[in-house]
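Coordinate inspection notes
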Amino acid sequence: EAQVTQNPRYLITVTGKKLTVTCSQNMNHEYMSWYRQDPGLGLRQIYYSMNVEVTDKGDVPEGYKVSRKEKRNFPLILESPSPNQTSLYFCASSYRERSYEQYFGPGTRLTVT
Amino acid sequence: TQLLEQSPQFLSIQEGENLTVYCNSSSVFSSLQWYRQEPGEGPVLLVTVVTGGEVKKLKRLTFQFGDARKDSSLHITAAQPGDTGLYLCAGAHPGANNLFFGTGTRLTVIP
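The rules behind these values
Residues numbered from 1 in each chain as written. Chains lettered and ligands numbered in written order. Predicted model: local features only at pLDDT ≥ 70, side-chain atom pairs only at ≥ 80, totals over all residues. Heavy atoms only, no water. 1 Å grid on protein atoms, 1.4 Å probe; cavity = no way out; pocket = protein on both sides within 12 Å on 5 of 7 lines; lining within 4 Å. Points joined across faces, edges and corners; volume = space filled by probe spheres on them. Helix = DSSP H or I, 4+ residues; strand = E, 2+ residues; numbered from the N terminus. Nonpolar A, V, L, I, M, F, W, Y, C, P; charged D, E, K, R; others polar. Pairing = 2+ DSSP bridges.

Right, let's get into the layout of surface pockets. Of the pockets and cavities examined, the largest pocket occupies roughly 510 Å³. Lining the largest pocket are 25 residues, and of these Gln37(A), Leu88(A), Gln37(B), Leu86(B) and Arg106(B) sit closest to its centre. Looking at the lining of the largest pocket, the elements with two or more residues in it are β4 (31-38) and β9 (87-94) of chain A. A total of three residues in the lining of the largest pocket trace back to one element, the largest contributor, which is β9(A). Partitioning the lining of the largest pocket into residue classes produces nine nonpolar, 10 polar and six charged. Here the second largest pocket defines a volume of roughly 220 Å³. As for the second largest pocket, its lining consists of 15 residues, of which Phe104(A), Gly105(A), Gly42(B), Pro43(B) and Val44(B) are closest to the centre. Of all the secondary structure elements, the ones that give two or more residues to the lining of the second largest pocket are β10 (103-104) of chain A together with β5 (44-49) of chain B.

In structure tokens:
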């Protein structure tokens, strides 16, 4: 089954404790991205990747890091999480660039206390 | 910076009614997509429009891209409870590689 998987689905952590949210897709998609979704603000893109070893900032990259060492994986790293990073996070992939259908993962709900 | 504004933000209607949701911007987009998101899940693509003035139909849903490619609308005919969800528009600017999403319209269809 074609899908985007994220782990964990739920995470409660404390300020400053480094964490990684994993994202994997099995569709051989070139383009992957991370979004955060907040009430009243919609989905905002954090980082995106056009291909392996090619990443770029989206709309709200501050406080986040990403890497794309393999085509299928695109982890999101929070080196020092803060409460304002409490949000619902989605990973997405598409065949090529942003014009194509984006397949979204199920989401990761992160709470930073 | 919010580049895509959706209206209305919330909409509650009776089953069988028609409705229109709007997605507006002052910027030109090379393509625009509509997604539907249900609670606990990620958004799912409904349609992509790329040509100014383009109209696409998906069963009871009609999507239109503005002539100037700055706005779009989604019209639902005879809404059903299964149409309940968060509707999101998303646009890509010419030459850019990232996608901008609107704030969404939360639709509730009451049986």
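After presenting the structure, the write-up continues.
Now for the pairing of strand β6 (residues 54-57) of chain A. Residue and element names in this part refer to chain A. Examined bridge by bridge, strand β5 (residues 42-51) and β6 share four bridges and lie antiparallel to one another. From the neighbouring strand, Tyr 48 faces β6, where its bridge partner is Asp 56. Connecting β5 to the next strand, β6, in antiparallel fashion are two residues, including Glu 53 with a positive phi near 65°.

Don't take any of this as a statement about function, it's just geometry.
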